[in-house]
Amino acid sequence: MNDRFLAAEPKFRIRARYTDTTITVYQAYRPGIGLAAARDGRFPGEWKRDRMTWIKPSFLWMMYRCGWGTKEGQETVLAVEIDRAGFEWALRHACLSHYVSRVHTDRAAWKRELGRAPARVQWDPERDLHHNALPWRSLQLGLAGEAARRYADEWVVGIQDVTPLARHVHAAVRAGKAEEAAALLPEERAYPVAEDVLAHLRA
């Protein structure tokens, strides 16, 4: 990747696989939940709607987080296709997961906002095929309360088990076949979102 591309890539940008109406996000679960979700196209009853759940538009960041589906409790990697309107509702109602002086009036105001918000955002360094940190950030979106319920019961369009893909890419990486591994990755493009949606979420 050349220096010109690195310089042109903004630090805070959502990059995702998407269509006109949906966006794909990634999660990893133990097989009891993940396989049932992929089979039925919805999360099973044991999926806790009262807990915060984190969704990630970046496939490679999910691979970094779950160790290519090898970490305990994250053996099943899911690609969850959700309604774009729902995703953007969550962004509009989200708060940064940490205090930023140029975004929040003070720490007390941030804590009040965090307590009210049904969603929260954090930006973590994007990762390459070898899990090295890149100069730009990847969006992680945490959903709780109303947002988690809407996600599970209203926004999900389809759920696919992409664990075989994760293993295939990982095998190519371990074999030193970087080009082959990169060619297997889901195509992720800059996600078009209104400026006012992200203005309060840039860390």
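Bear in mind the structure is a predicted one, so any value in this text is a computation, not a measurement. (Residues numbered from 1 in each chain as written. Predicted model: local features only at pLDDT ≥ 70, side-chain atom pairs only at ≥ 80, totals over all residues. Heavy atoms only, no water.)

Draft legend 1. Representation of helix H7 (residues 163-174) in the model. The end-to-end C-alpha distance of H7 is 16 Å, a good match for the 16 Å that twelve residues give at a rise of 1.5 Å each. Against helix H3 (59-66), strand E4 (76-83), strand E8 (156-161) and helix H8 (178-184) lie the buried residues of H7. One or two steps after H7, the chain reaches Gly 176, where phi turns positive at roughly 75°. (Helix = DSSP H or I, 4+ residues; strand = E, 2+ residues; numbered from the N terminus. Expected span 1.5 Å × (residues − 1). Contact = heavy atoms within 4.5 Å.)

Draft legend 2. Up close: empty space enclosed by the protein. Throughout the structure, instances matching the rule amount to one cavity of 30 Å³ or more. The calculated volume of the largest cavity comes to roughly 40 Å³. Taken together, Arg 13, Ile 14, Arg 15, Pro 57, Ser 58, Glu 126, Arg 137, Ser 138 and Leu 139 form the lining of the largest cavity. For the lining of the largest cavity, the element with the highest residue contribution is strand E7 (residues 133-143), accounting for three residues. Its residues placed into classes, the lining of the largest cavity shows three nonpolar, two polar and four charged. (1 Å grid on protein atoms, 1.4 Å probe; cavity = no way out; pocket = protein on both sides within 12 Å on 5 of 7 lines; lining within 4 Å. Points joined across faces, edges and corners; volume = space filled by probe spheres on them. Nonpolar A, V, L, I, M, F, W, Y, C, P; charged D, E, K, R; others polar.)

Draft legend 3. Here's a closer look at the packing of aromatic side chains. Under the defined criterion, the tally for this structure stands at ten aromatic pairs. Both rings, one in Phe 43 and one in Tyr 151, keep their centres 5.6 Å apart while their planes meet at 40°; by these two values the pair is tilted. Here Phe 43 is found in the loop between helix H2 (31-40) and strand E3 (53-55), whereas its partner Tyr 151 is found in helix H6 (residues 145-155), with 108 residues between them in sequence. Under the relative-accessibility criterion, Phe 43 is labelled buried at 2%. Aromatic side chains Phe 87 and Tyr 191 sit 5.5 Å apart centroid to centroid with 85° between the ring planes, which places their arrangement in the edge-to-face category. With Phe 87 in helix H4 (residues 84-92) and Tyr 191 in the loop between strand E9 (189-190) and helix H9 (195-198), this residue pair connects regions lying 104 residues apart in the sequence. A connected cluster of aromatic rings, assembled from ring pairs, spans Tyr 29, Phe 43, Trp 47 and Tyr 151. (Phe/Tyr/Trp six-rings, centres within 6.5 Å; stacked < 30°, edge-to-face > 60°. Buried < 20%, exposed > 50% of the residue type's maximum accessible area, 1.4 Å probe, protein only.)

Draft legend 4. The arrangement of the sheet that holds strand E1 (residues 15-18) in detail. Strand order in this open sheet of five strands is E8-E4-E2-E1-E9, and the pairing throughout is antiparallel. Edge positions in the open sheet fall to E8 and E9, since each of these has one partner strand only. Relative to E9, E1 runs antiparallel, the two sharing two bridges. Note on E9: the bridge partner recorded for Ala 16 is Arg 189. (Pairing = 2+ DSSP bridges.)

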